[in-house]
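# Coordinate analysis (summary)
In case you want the letters, here they are:
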Amino acid sequence: MNQQDILQKTAEYIQQEFSHDSSGHDWWHIYRVWKNAITICEHENADSFIVQLAALLHDLDDWKFNDSADETPLRAQGWLDSLNLDRSVTDAVCNIIIHISYKGAGVQNKMDSLEGFIVQDADRLDAIGAIGIARAFAYGGYKNRPLYDPDSPPQLHASFEEYKNSKSATINHFYEKLLLLKDVLNTPTAKRIAEQRHEYMEQFLSQFMNEWEGKDVG
Ligand code: ADP
Ligand code: NI
């Protein structure tokens, strides 16, 4: 199989695996990350095959949906092994998947390759803007979280454990992650795309708070 066929086959596999999700991590999230990654890649001197494979496989072993304590992304690795790729490709893709997730405001990013920076940015762009807002509330509903609780302020989590175990309202997630993303993006292209998406979230939050207090009288 050539690289194009491998990507196509991987996309079909992932489309099948993610077809029933309603937490904002459905196939179309993966599709958008894939397309964002291709766009960013056009401005960087990176290995597009590794970038695209990692974008397609990035959420297959996500901690939010798997309770494996193991760091190795077993499902992605199993899929890559079935394709008989060079060991170096499989290792590079798995390394990206291990480090892609946001782990809390105070937790250091351990991503260490250009390909990884690109996929991480592509994933983070899909967490902000109009789509990011929609996904946050979809995930909050999936986790039975309230929309907003004025009595529980946001927390900047210092460890992944704290971030992972938090049960706070979805509005808090904007302050705990979504509004922080624009300053931790890796590539200039993603930073440019993020500007408008970030502003849109700020407008949304300001409108939300005005409506909450009945202060949106024209
Ligand atoms: P990451 O691996 O960085 O978490 P994902 O692709 O798994 O990235 O998607 C993360 C998305 O899941 C967030 O952008 C948000 O929409 C949703 N999410 C995660 N945690 C929360 C939360 N506590 N409240 C609301 N949404 C959340
Ligand atoms: Ni993702």
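Above this note sits the structure.
What counts, and at which threshold
Residues numbered from 1 in each chain as written. Chains lettered and ligands numbered in written order. Predicted model: local features only at pLDDT ≥ 70, side-chain atom pairs only at ≥ 80, totals over all residues. Heavy atoms only, no water. Helix = DSSP H or I, 4+ residues; strand = E, 2+ residues; numbered from the N terminus. Buried < 20%, exposed > 50% of the residue type's maximum accessible area, 1.4 Å probe, protein only. Contact = heavy atoms within 4.5 Å. Donors = N, O, S within 2.8 Å, 3.2 Å for Na, K, Ca; no water. Near = heavy atom within 4 Å. Polar contact = N/O pair within 3.5 Å; in protein donor to acceptor, adjacent residues only side chain to side chain. Nonpolar A, V, L, I, M, F, W, Y, C, P; charged D, E, K, R; others polar.

A separate point is the environment of glycine 129. With respect to the element layout, glycine 129 can be found in helix α7 (residues 129-142). On the accessibility criterion, glycine 129 (3% relative accessible area) is buried. As a C-alpha pair, glycine 129 and asparagine 66 span 63 residues in sequence and 27 Å in three-dimensional space. In this structure glycine 129 touches Arg197, Tyr200 and Met201, once residues within four positions along its chain are discounted.

The next point concerns the coordination of the nickel ion (ligand 2). Taken together, the protein donors to the nickel ion (ligand 2) comprise His29 (NE2), His58 (NE2), Asp59 (OD) and Asp123 (OD), at separations of 2.1 to 2.3 Å. Donor residues for the nickel ion (ligand 2), ordered by position in the chain, follow H-x28-H-D-x63-D. With histidine 29 in helix α2 (residues 27-41) and histidine 58 in the loop between α3 (48-57) and α4 (74-82), the pair connects residues that are 29 residues apart, well separated along the chain. For the pair shown, histidine 29 and histidine 58 are each scored as buried.

Here we take up the side chain of threonine 90. Relative to the helices and strands, threonine 90 resides in helix α5 (residues 87-99). In this structure threonine 90 touches Gln77, Leu80, Asp81 and Leu85, once residues within four positions along its chain are discounted.

On to unusual backbone geometry, then. In this model, asparagine 84 sits at a positive phi of 55°, which is unusual for a non-glycine residue. With respect to the helices and strands, asparagine 84 occurs in the loop between α4 and α5. The exposed category is assigned to asparagine 84, whose relative accessible area is 70%.

The next subject is the site of ligand 1. Contacts to ligand 1 come from 17 residues, most closely from His25, Lys64, Ser101, Asp123 and Arg145. Residue aspartate 123 places a side-chain N or O atom 2.8 Å away from an oxygen atom belonging to ligand 1. In the model, a nitrogen atom of ligand 1 is placed 2.3 Å from a nitrogen or oxygen of the arginine 145 side chain. Looking at the shell around ligand 1 element by element, the count peaks at three residues for α7. Class assignment of the residues belonging to the shell around ligand 1 gives a composition of five nonpolar, five polar and seven charged.

That's the geometry; what it means functionally is another story.
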